[in-house]
Amino acid sequence: MTNTIYGIKNCDTMKKARAWLDDHGIGYNFHDYKTAGIDDARLKRWVAKLGWETLLNRAGTTFRKLPDVEKAGLTEARALALMIEQPSMIKRPVLEAGGKLLVGFKPELYEKELRPSKAK
C-alpha cells in the first residue's frame, strides 16, 4: 500500500513531516490541496474515522478569517462543506499509511506508528 501525505506544499508543518519521512526512508506520494483539492468521498471517510472536529483546522488563518456567523454553531455538514470549499481548513498533514490515518505532525507519533518495533 502506498503512503500518501495530504497538505499544502509551503506549510511549515508539512515540510517537517515530509523531511521526517524522507530522513526515515519512508516512501510517500504528496497530494497538494492547493493544486488538486480534496474529493468529497475521501474527506467523508476521514470524518467517519476521526470526526470533523479533529480534521477542521480552527487555528489556521483561513478559518479565523471567516465571519463569526459562519464559525458559530458548526455542524458536520457545514464543516465538510467548508473543508471542501477551502482545503486549507483541513489540519495538516493528513497521512494515510498502511491503513492508518494520522493528522498533524508529531515526530514521536510518526516514530510509534510508522517505524517497525525493534526486537530486544
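One structure accompanies this document, and this report is about it. (Residues numbered from 1 in each chain as written. Predicted model: local features only at pLDDT ≥ 70, side-chain atom pairs only at ≥ 80, totals over all residues. Heavy atoms only, no water.)

### Some remarks on the sheet that holds strand 3 (residues 94-97)
Overall, mixed pairing links the 4 strands, which are arranged 2-1-3-4 in an open sheet. Strands with a single pairing partner mark the edges of an open sheet, and in this sheet they are strand 2 (29-32) and strand 4 (100-103). Within this sheet the neighbouring strands show an average axis-to-axis angle of 15°, counted without direction. Pairing of strand 1 (residues 4-7) with strand 2 involves 4 bridges; the strand directions are parallel. Paired with G7 across the two strands is D32, which belongs to strand 2. Across the sheet, helix 3 (residues 40-50) touches strand 1, strand 3 and strand 4, and the angle it forms with strand 4 is around 85°. In this fold helix 8 (residues 107-114) packs onto strand 1, strand 3 and strand 4, with an angle of close to 175° to the strand it touches most, strand 4. (Pairing = 2+ DSSP bridges. Helix = DSSP H or I, 4+ residues; strand = E, 2+ residues; numbered from the N terminus. Axes fitted to C-alpha atoms, helices over the stretch in contact; angles between N-to-C directions. Contact = heavy atoms within 4.5 Å.)

### Concerning the nonpolar core
In this structure, W46, M83, I90, Y110 and L114 are the most contacted members of the largest nonpolar core, which totals 34 residues. Every element with two or more residues in this core is listed here: strand 1, helix 1 (12-23), helix 3, helix 4 (52-55), helix 7 (76-85), strand 3, strand 4 and helix 8. Discounting residues that sit within four places of it in the chain, M83 has contacts with I38, L43, W52, L55, L56, M89 and I90. (Core = buried A, V, L, I, M, F, W, Y, C linked by side-chain atoms within 4.5 Å. Buried < 20%, exposed > 50% of the residue type's maximum accessible area, 1.4 Å probe, protein only.)

### A look at the packing of helix 1 against helix 8
With their axes 11 Å apart at the nearest point, helix 1 and helix 8 run at an angle of 40° to one another. As far as their axial angle goes, helix 8 and helix 1 are oblique. Crossing angle aside, the handedness with which helix 1 passes helix 8 is right-handed. When helix 1 is examined against helix 8, the residues A17, W20 and L21 are found in contact with a partner set consisting of P107, Y110, E111 and L114. Classifying every residue of the contact of helix 1 with helix 8 by side-chain character gives 6 nonpolar, no polar and 1 charged. (Parallel < 35°, antiparallel > 145°, perpendicular 65-115°, else oblique. Left-handed = near helix turned anticlockwise from the far one by under 90°. Nonpolar A, V, L, I, M, F, W, Y, C, P; charged D, E, K, R; others polar.)

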